[in-house]
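Below, each chain spelled out in residue letters.
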Amino acid sequence: MSSQDVLKNASTLASYNVLLQVMFRVLTFFLNAFTLRFVSKELIGVVNVRLTLLYSTLVFLSREAFRRACLSGVSGTNYSWRQVINLLWLTLPLGVLWAVLLVCVWLWFLELPNPQTIPYYGSAVVLFALSGVQELLAEPLWVLAQAHMFVRLKVVAESLAMIAKCSITVVLVMFAHEWGLYIFSAAHLVYTGFLVLCYAVYFIRFLGSQEAAKKGFPLNCVGDLLPSRVKGEPLIDWTLARLTWSFFKQSFLKQILTEGERYVMTFLNVLSFGDQGVYDIVNNLGSMVARFIFLPIEESFYIFFAKVLERGRDARSQKQEEVAIAAEVLECLLKLVLVVGLIITVFGYAYSHLALDIYGGSLLSSGAGPTLLRCYSCYVLLLAVNGVTECFVFAAMSQEEVDKYNLVMLALSVSFLFLSYMLTWWAGSVGFILANCLNMGLRIVHSVLYIHHYFLPTQWKPLRGLLPSPLLLLALAVSIVVTALSEGVFCCDGGWLLRLVHISVGAACLLIVFVTVVLTETRLIQFVRTQLLPRYRKKHT
């Protein structure tokens, strides 16, 4: 597969992933708004912080390293899919071990909620762990689908699973709200069950079909999806296994950085369950764009960079046309996430209070909620840039460089936990965002230095994507001043008429910014039209 074909497939995957994450975030957005009216904020804090942390820790530590290593490994020609499948099935026993360990920690070492206000906590812990193990049953199928760019499969599977989860939650919250944590445990089991079922049904129908033969799919029957040994070959590829171990050490640290504030809240008890619930709702609102735009782009283009570039080799010793297209894509991606991040930062300042007041009333808009969301708007900018820079760095690093970077991640993890604890005592829940910003800034510096060194011997300078046009910066500066003045005059205690005036002012400023982007960032617009929007690409190919 040529680099152009890989780019097209990665762009398609990113586009569908963005649409999928938009749907997820919108459904979750309305689901949270709905459940806020039926359950307590303490219950939401336990579910969205304590139990979700258990699930995310289990699946991340069980599969993330395998995903990164296998998706990198199969981009070459020296790996057998039989050995890759065998390696991927190790995620299941690893997941069982993590489930047992984490359930013991969650039940015996953490502060337990009051059983009068939050009943069934122990059963919920076991069921959330079981849902994580259940999801790992589909891991070999997920990697096969990602490696062969089966983009529609992921969209359909996760869409059906999310719809089923939301439906179960709404029905049980309305008619059996006394079940408490059982509601969310059952909904999560249904979600992971639907994922496994959709992937299994698809591959059962696909394997052995004419479509599979036409695509040259490496597996022929359902039995090939199960672990087995080929005569004359090792059970697994030990080079790939060592790469997996390197990524595993890094994944452990990355999980602490990603979910660090939840670990601090869970293990150090710096916030009550009610405060955790409010923080999580505001955090989800602030991270919507980051999750449904930036994360899918990072995941999809990591696959692109991993397939186009040869891991561990410098730019001069690789095919120059491949390095050129990688540099061009990296520059456009950096410019894209920078522009979107700046827009979120600018308009998030003046519209955080209004957004929280509309979404959750005074429960969210009073106190530290608006300040927290404003800080998160700034954090989104750093999150966006870091996602793109790290997806390139992780695809280009050699195994030795990955091991060295683990030491950097270790230092960042320790400093993050310390900063989170100290800043939370000083600034409340806002301290979590400040600690995240500091650590994300350090990660960006490391990645930018690596990219600069990587392309230094070449003629390409992809880091120019971090330099927006002066006219765009001017438009953003004017917008933040105008919208801040508008918030002070029209928002948010004067009724809906004045709120609409404030919204109209923001819409006008946003339109001016968009026009400025179209006029000044022509390369970016061309990249988005031809690579990230499928309808435009289909029109031109």
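Let me sum up the structure you'll find in this document.

What counts as what
- Residues numbered from 1 in each chain as written.
- Predicted model: local features only at pLDDT ≥ 70, side-chain atom pairs only at ≥ 80, totals over all residues.
- Heavy atoms only, no water.
- Helix = DSSP H or I, 4+ residues; strand = E, 2+ residues; numbered from the N terminus.
- Expected span 1.5 Å × (residues − 1).
- Buried < 20%, exposed > 50% of the residue type's maximum accessible area, 1.4 Å probe, protein only.
- Arc of directions from axis to C-beta.
- Salt bridge = Lys/Arg side-chain N within 4 Å of Asp/Glu carboxyl O.
- Contact = heavy atoms within 4.5 Å.

Turning next to helix 4 (residues 91–108). In this model helix 4 runs 25 Å from its N-terminal to its C-terminal C-alpha over 18 residues, within 8% of the 26 Å that 1.5 Å per residue would give. Along helix 4, the residues classified as buried are Thr-91, Gly-95, Trp-98, Ala-99, Leu-102, Val-103, Val-105 and Trp-106. Take helix 4 and look down its axis: the buried residues cluster within an arc of 160 degrees, on one side only. What points out from helix 4, more than 90 degrees from its buried face, is the exposed set Leu-97, Val-100 and Trp-108.

To continue, consider the pattern of salt bridges. Tallied over the full model, the rule gives eleven salt bridges. Between Asp-280 and Arg-262 there is a salt bridge, and its shortest N-O distance comes to 2.8 Å. Remark: Arg-262 occurs in helix 11 (residues 260–268) and Asp-280 occurs in helix 12 (residues 273–286); sequence separation between them is 18 residues. Each of the two residues, Asp-280 as well as Arg-262, counts as buried. The residue Arg-464 makes a salt bridge to Glu-331 at a minimum N-O spacing of 3.8 Å. Residue Arg-464 is located in the loop between helix 18 (430–455) and helix 19 (470–490), and its partner Glu-331 is located in helix 14 (residues 320–360); the two are separated by 133 residues in the primary sequence. A relative accessible area of 46% means that Arg-464 is categorised as partly exposed. Connected through shared salt-bridge partners, Glu-259, Arg-262 and Asp-280 make up one network.

This part takes up the side chain of Asp-357. Take Asp-357: it is sitting in helix 14. The class of Asp-357 is buried, set by a relative accessible area of 19%. Once residues lying within four places of it in the same chain are set aside, the contact partners of Asp-357 are Ser-362, Ser-365 and Arg-499.

For helix 5 (residues 121–136), spanning 16 residues, the distance from its first C-alpha to its last is 23 Å, which sits close to the expected 22 Å at 1.5 Å a residue. Those residues of helix 5 lying buried are Tyr-121, Ala-124, Val-125, Phe-128, Ala-129, Ser-131, Gly-132, Val-133, Glu-135 and Leu-136.

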